[in-house]
Amino acid sequence: MESSRIAISIGVTLDRFIRSNEKQYPQSVGEFSQLLRDIALASKVVNREINKAGLIDIMGAVGNQNAAGDEQQKLDVLADIRFTRALSKGGAACAIISEEEEGIVQLNPDAKYIVAIDPLDGSSNIDVNVSIGTIFSVYRRKSAVGTAINLEDCLQPGSAQVAAGYVLYGSSTMLVYTTGQGLNGFTYEATLGEYVLSHPDIHIKPDANTYSINEGISKSFVQPGIHVYLNHCKEHHYAARYIGSLVADIHRNLLKGGIYLYPATIHHPQGKLRLMFEANSLAFVVEQAGGKATDGEKRILDIEPTQIHEKTPLFIGSLQMVEALENALVGN
Ligand code: AHM
Ligand code: MG
């Protein structure tokens, strides 16, 4: 079939890929495709701003003023503005919830998709020129089109995601996303201004030997099973690799195999990462690649959220590694 041939051709542009997939749904009115295009567009703008972060004064704290007397904005606040603006102008999103915003940002009431976004994750790495990322999820609203979005529309479990993905601003910029039919990665070709398909149908190795965790705070891990698993990693001479940028750590583990762990700690009894902005999206992505994501007791995608900014422990990556961790947690 022509469309599926286009969809798996390396080098096809994201735009063409989106269009060819849209053709498989004759009833589609293109709203979802527009939404993906808006996310991609905003990510290109953010990418440009990240690349010049060392040159102009946008790395400062919010509240400072630059030489021109303008309010300076931190890059994570700026990224939030870029994504909100693109989604607002595109008209395909009815609301956004963001790690940078307290509550729901209402957009086009006549649209049907809600976007949950961490506009710039790992922002402590910006100032030191280390990879950072954007993480996003798309949900279908439950309330009637034409009305304002309410909390119930936003607090859907990860299993209800229509699409999810991330943008990695690294040695190259990549957009990786799924609509529930496999996982594909697109690399940004800056001279063309286009994302092109570079990593079709990504699969994560079922087992590997890399673990990613902030082990420096291991004394504050509250579950004894975590220490059992970490000892197992060391006994088997696993490589410890921790960038401290979730997207970068997950991306590496997706391509090379591995497990990422952020357990509950004394200071963060529910873990540090946000269910709606980080865990759900990456759980959907990793499951689509054949991996697994759990909070230690439950599949991440099955958690019923009760708050927009809810946190969760996160153990995610290669299937057998996550299963070994689960066994350690229950004392097997
Ligand atoms: P952020 O959303 O404030 O940027 O925090 C999330 C980040 C993740 O990218 C990363 O994996 C984790 O926090 C690192 O936390 P820690 O410094 O505690 O290891
Ligand atoms: Mg974050």
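Since the model is a prediction, treat every value here as computed from it, not as a measurement. (Residues numbered from 1 in each chain as written. Chains lettered and ligands numbered in written order. Predicted model: local features only at pLDDT ≥ 70, side-chain atom pairs only at ≥ 80, totals over all residues. Heavy atoms only, no water.)

Trainee: So what's going on with the packing of aromatic side chains? Residues and values would help.
Mentor: In this structure the tally under the stated criterion is 6 aromatic pairs. Relative to phenylalanine 186, the ring of tyrosine 177 has its centre 5.9 Å away and its plane inclined at 25°; by these criteria the two rings are stacked. Following the ring pairs from residue to residue traces out a cluster consisting of Phe17, Tyr177 and Phe186. (Phe/Tyr/Trp six-rings, centres within 6.5 Å; stacked < 30°, edge-to-face > 60°.)

Trainee: Tell me what's going on with unusual backbone geometry, and back it up with residues and numbers.
Mentor: With a phi close to 50°, aspartate 201 is a non-glycine residue in the positive phi region. Structurally, aspartate 201 is set in the loop between β8 (194-199) and β9 (210-212). Judged by its relative accessible area of 45%, aspartate 201 is partly exposed. Positive phi, normally seen in glycine, also occurs at histidine 237, with a value near 55°. As for its placement among the helices and strands, histidine 237 is situated in the loop between α6 (224-235) and β10 (239-240). (Helix = DSSP H or I, 4+ residues; strand = E, 2+ residues; numbered from the N terminus. Buried < 20%, exposed > 50% of the residue type's maximum accessible area, 1.4 Å probe, protein only.)

Trainee: Report on the pattern of salt bridges, specifying residues and quantitative values.
Mentor: Within the structure shown, the criterion is met by 10 salt bridges. Its salt-bridge partner being aspartate 15, residue arginine 37 comes within 2.6 Å of it at the nearest N-O pair. In this pair, arginine 37 is assigned in helix α3 (residues 31-51) and aspartate 15 in helix α2 (residues 14-22), connecting sequence segments 22 residues apart. Among the salt bridges present, the one from lysine 292 reaches glutamate 326, with a minimum N-O distance of 3.0 Å. Of this pair, lysine 292 sits in strand β13 (residues 292-294) while glutamate 326 sits in helix α9 (residues 319-329), placing them 34 residues apart in sequence. Among the charged side chains, a salt-bridge network with shared partners connects Asp15, Arg19 and Arg37. (Salt bridge = Lys/Arg side-chain N within 4 Å of Asp/Glu carboxyl O.)

Trainee: Break down the site of ligand 1 for me, with residues and values.
Mentor: Taken together, 16 residues are adjacent to ligand 1, and Asp121, Tyr242, Leu246, Tyr260 and Tyr262 come closest. In the environment of ligand 1, an oxygen atom lies 2.9 Å from a nitrogen or oxygen atom belonging to the side chain of asparagine 214. About the coverage of ligand 1: the protein hides 80% of its 470 Å² of free accessible area. Broken down by secondary-structure element, the contributors of at least two residues to the shell around ligand 1 are β3 (113-121), β11 (259-262) and β12 (273-274). Looking at the shell around ligand 1, its residues break down into 5 nonpolar, 5 polar and 6 charged. (Near = heavy atom within 4 Å. Polar contact = N/O pair within 3.5 Å; in protein donor to acceptor, adjacent residues only side chain to side chain. Areas by Shrake-Rupley, 256 points an atom, 1.4 Å probe, with all protein chains shown as cover. Nonpolar A, V, L, I, M, F, W, Y, C, P; charged D, E, K, R; others polar.)

Trainee: Quick one: what's the story with the coordination of the magnesium ion (ligand 2), residue by residue and with numbers?
Mentor: Surrounding the magnesium ion (ligand 2) are the protein donor atoms Glu99 (OE), Asp118 (OD), Asp121 (OD) and Glu278 (OE), which sit 2.0 to 2.6 Å from the metal. Mapped onto the sequence, the donors of the magnesium ion (ligand 2) take the spacing E-x18-D-x2-D-x156-E. Remark: glutamate 278 occurs in helix α8 (residues 275-288) and aspartate 121 occurs in strand β3; sequence separation between them is 157 residues. The residues aspartate 121 and glutamate 278 share a single accessibility class, namely buried. (Donors = N, O, S within 2.8 Å, 3.2 Å for Na, K, Ca; no water.)

Trainee: Any chance you could break down the sheet that holds β10 for me, citing the residues and the numbers?
Mentor: With mixed pairing, the 5 strands of this open sheet are ordered in space as β10-β9-β11-β15-β13. In the strand order of this sheet, the two ends are held by β10 and β13, each with one partner. Two strands pair when backbone bridges link them, and β11 and strand β15 (residues 314-317) are joined in this way by 4 bridges, in the antiparallel orientation. Residue pairing for β15: tyrosine 260 is matched across the bridge by isoleucine 316. Along the sheet, α8 makes contact with β13 and β15, crossing β15 at roughly 25°. (Pairing = 2+ DSSP bridges. Contact = heavy atoms within 4.5 Å. Axes fitted to C-alpha atoms, helices over the stretch in contact; angles between N-to-C directions.)

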